[in-house]
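# Tertiary structure, described
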Amino acid sequence: DPVHGGLSGAPKFPQWSFFWLLWRGAIRYGHAPARHAVETTLTNICQGGIYDHLGGGFARYSVDERWLAPHFEKMLYDNALLVDLLCEAYREGGNELYARRIDETVGWLLREMVAEGSGFAASLDADSEGEEGKFYVWTRAEIADVLGETDAEVFCEAYDVTAGGNWEGHTILNRLRNPILRAPSDEKALAHMRLQLLARRSGRIRPGWDDKVLADWNGLMIAALVHAARVFDRPEWLSAAAAAFKFVLERMEQGGRLIHSYRAGQAKAPATASNYANMIWAALRLAQATNEPAFLVAAERWTAVLDAHYWQADGGGYAFTADDTP
């Protein structure tokens, strides 16, 4: 889709692997159309309703072709992969919008998604009080009540808020009509307004929280968080990534073998190949960032498990489950 980004049509998912391939090809071969396709996609995702403009974080997918109306569920893996790709794009182009979305999304992660023992929780539900999106949408009257009419006029113009709404009589905040960042003074004023609205929103009944710690999704987020910590020189992000890694290492590895899921003191289900692949990625990123040998040792140990129990010699690849999994 050359206008909105993503693949043509609806619904639209932020398909990281597809755009990662395009991006790497664009950079390696100087291919401007591929680069433009990825930047168009990322810009519209960052300014669309699929992004939570008050609290940070990306929803799972958009039901329309404009990235406006999301399925409001926030998944750990989507946010990990988008942060990682945004870091790549920011390193090449220095787009301030991408830097802000990375900072805000990591802020959401560390504020709302840290589960028991410093691992990262799996997801936030779409529904609250039995209605999808109720926690996230607004009316113009409510915004005016929080901000006052003068500031509400400014905010509503920027975030597509009208009396009639843009989704089932309510408004999903977005900046798709004009995705370019405004003057610094204007953005600072909007940021202050967003904080006021976030404070009001915090009084609403929250969506359900799936606080399972999944090894494969944690591997993705740890890897992304280390990447962001290095690009933006944020040692506290690196510390959070290392803490999550330590949790997986101490609570979700038994006899050198990973466990897929942990919650409420119980580790359950044998790991799949993706659990190992993603935790190996996390370990290698941490090794690169810290030069600590223990991370490389973990990566080597898990690779040995993959080769011993998942490799299919006659099929030329790794099986999804281990050869000794019931």
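Residues numbered from 1 in each chain as written. Predicted model: local features only at pLDDT ≥ 70, side-chain atom pairs only at ≥ 80, totals over all residues. Heavy atoms only, no water.

### A closer look at the overall build of the chain
Put simply, the rule is: Strands here mean DSSP runs of E at least two residues long; helices mean DSSP runs of H or I at least four residues long; both are numbered from the N terminus. What the globule rule says is 2.2 Å times the number of residues to the power 0.38, and the radius of gyration is computed from C-alpha atoms. Remark: exposure states derive from per-residue accessible area (1.4 Å probe, protein chains only) relative to the maximum for the residue type, with buried under 20%, exposed over 50%, and partly exposed in between. Any two residues whose heavy atoms approach within 4.5 Å are treated as being in contact.
In terms of helices and strands, the chain carries 11 helices and 13 strands. Its C-alpha atoms give the chain a radius of gyration of 21 Å, within 12% of the compact-globule value 20 Å for 326 residues. Overall, the C-alpha framework of the chain stretches about 65 × 50 × 35 Å when taken along its three principal axes. Counting over 326 residues, the chain shows a buried share of 49%. The contacts in the chain between residues at least 6 apart in sequence include a share of 65% that link residues at least 24 apart.

### Remarks on helix α2 (residues 32-47)
This is how the line gets drawn: Working rule for helices: expected span equals 1.5 Å times residues minus one.
For α2, which comprises 16 residues, the first-to-last C-alpha distance of 22 Å matches the rise-based estimate of 22 Å (1.5 Å per residue) to within 8%. Among all positions in α2, only Ala 34, Val 38, Thr 40, Thr 41, Leu 42, Thr 43, Asn 44, Ile 45, Cys 46 and Gln 47 are buried. The inward-facing, buried residues of α2 contact α1 (16-29), α3 (76-93) and α4 (96-112).

### Digging into the sheet that holds strand β4 (residues 123-124)
For clarity, the threshold we go by: We treat two strands as partners when DSSP finds at least two bridges between them.
The sheet built from 3 strands is open, its strands ordered β3-β4-β7 with antiparallel pairing. The sheet is open, and its two borders are formed by β3 (74-75) and β7 (209-210), each paired with just one other strand. Pairing of β4 with β7, which is carried by 2 bridges, proceeds in the antiparallel orientation. Each residue of the ladder has a partner; that of Leu 124, found in β7, is Trp 209.

### What to know about the pattern of salt bridges
What counts is decided by this rule: Whenever a carboxyl oxygen of Asp or Glu lies within 4 Å of a side-chain nitrogen of Lys or Arg, that contact is scored as a salt bridge.
Here the structure, examined in full by the defined rule, presents 29 salt bridges. Salt-bridge contacts for Glu 88 lead to Arg 24; the nearest nitrogen and oxygen are separated by 3.3 Å. Taken together, the residues Glu 88 in helix α3 and Arg 24 in helix α1 connect sequence positions 64 residues apart. Here Arg 24 falls in the partly exposed class, since its relative accessible area comes to 40%.

### A look at the state of the cysteines
Applied cut-off: We call a pair of cysteine sulfur atoms a disulfide when they lie within 2.5 Å.
Under the defined criterion, the tally for this structure stands at 0 disulfides. Cys 46 carries a free sulfur, and the closest cysteine sulfur to it, the one in Cys 87, is 11 Å from it. Among the residues examined, Cys 46 registers a relative accessible area of 1% and is labelled buried.

### Things to note about unusual backbone geometry
Between Ala 10 and the following residue, Pro 11, the backbone shows a cis peptide bond with an omega angle of 0°. Position of Pro 11 relative to the elements: it lies in the segment before α1. Although it is not a glycine, Ser 118 sits at a positive phi angle of roughly 90°. As for its placement among the helices and strands, Ser 118 is situated in the loop between α4 and β4. Although it is not a glycine, Asn 291 sits at a positive phi angle of roughly 60°. In this structure, Asn 291 sits in the loop between α10 (273-290) and α11 (293-309). The class for Asn 291 is exposed, based on a relative accessible area of 67%.

### Digging into the packing of aromatic side chains
Heads up, the rule is: Each Phe, Tyr or Trp ring, with Trp reduced to its six-membered ring, pairs with another whose centre is within 6.5 Å; inter-plane angles below 30 degrees give stacked pairs, above 60 give edge-to-face pairs, and intermediate values give tilted ones. By the criterion adopted, a ring carries a charge over it if an Arg CZ or a Lys NZ lies within 6 Å of its centre and within 35 degrees of its normal.
Taken as a whole and judged by the stated rule, the model has 17 aromatic pairs. Seen in terms of ring centroids, Trp 16 and Trp 281 are 6.2 Å apart; in terms of plane orientation they differ by 45°. Their pairing is tilted. Here the residue Trp 16 occupies a position in helix α1, and Trp 281 occupies one in helix α10, the gap between them amounting to 265 residues. Through a chain of ring-to-ring contacts, the aromatic side chains of Phe 72, Phe 135, Tyr 136 and Trp 167 assemble into a single cluster. Against the face of Trp 138 rests Arg 204, its NZ or CZ located 4.1 Å from the ring centre.

### Some points on the side chain of Thr 40
Examined against the element boundaries, Thr 40 turns out to sit in helix α2. Those residues in contact with Thr 40, other than ones at most four positions away along the chain, are Pro 2, Val 3, His 4 and Gly 5.

### What about the side chain of Arg 101?
Along the polypeptide, Arg 101 turns up in helix α4. Overall, Arg 101 belongs to the buried group, its relative accessible area being 5%. Setting aside chain neighbours within four positions, we find Arg 101 in contact with Cys 46, Gln 47, Tyr 51, His 53, Phe 58 and Leu 86.

### Focus: the packing of helix α6 (residues 149-158) against helix α7 (residues 184-201)
Selection criterion: Helix axes are fitted only over the stretch in contact, all axes being lines through C-alpha atoms; the angle between N-to-C directions runs from 0 to 180 degrees. For classification, angles of less than 35 degrees are called roughly parallel, those exceeding 145 degrees roughly antiparallel, those between 65 and 115 degrees roughly perpendicular, and all remaining angles oblique. For this classification, the nonpolar set comprises Ala, Val, Leu, Ile, Met, Phe, Trp, Tyr, Cys and Pro, the charged set comprises Asp, Glu, Lys and Arg, and every other residue, Gly included, is treated as polar.
One way to put it is that α6 packs onto α7 with a least axis distance of 11 Å and a crossing angle of 100°. With respect to α7, the axis of α6 lies roughly perpendicular. Residues Asp 151, Val 154, Phe 155 and Ala 158 of α6 pack against Leu 190, Met 193, Arg 194 and Leu 197 of α7. Along the lines of polarity and charge, the residues of the contact of α6 with α7 split into 6 nonpolar, no polar and 2 charged.

### As for the pairing of strand β10 (residues 257-263)
When strand β8 (residues 213-214) meets β10, the two strands line up antiparallel, connected through 2 bridges. Its bridge partner being in β10, Leu 214 is matched across the sheet by Ser 261. Judged from the 2 bridges that link them, strand β9 (residues 253-254) and β10 form a sheet pairing that is antiparallel. Paired with Glu 253 across the two strands is Leu 258, which belongs to β10. In this sheet, strand β11 (residues 266-270) lies alongside β10 in antiparallel orientation, the contact comprising 4 bridges. Note on β11: the bridge partner recorded for Ser 261 is Lys 268.

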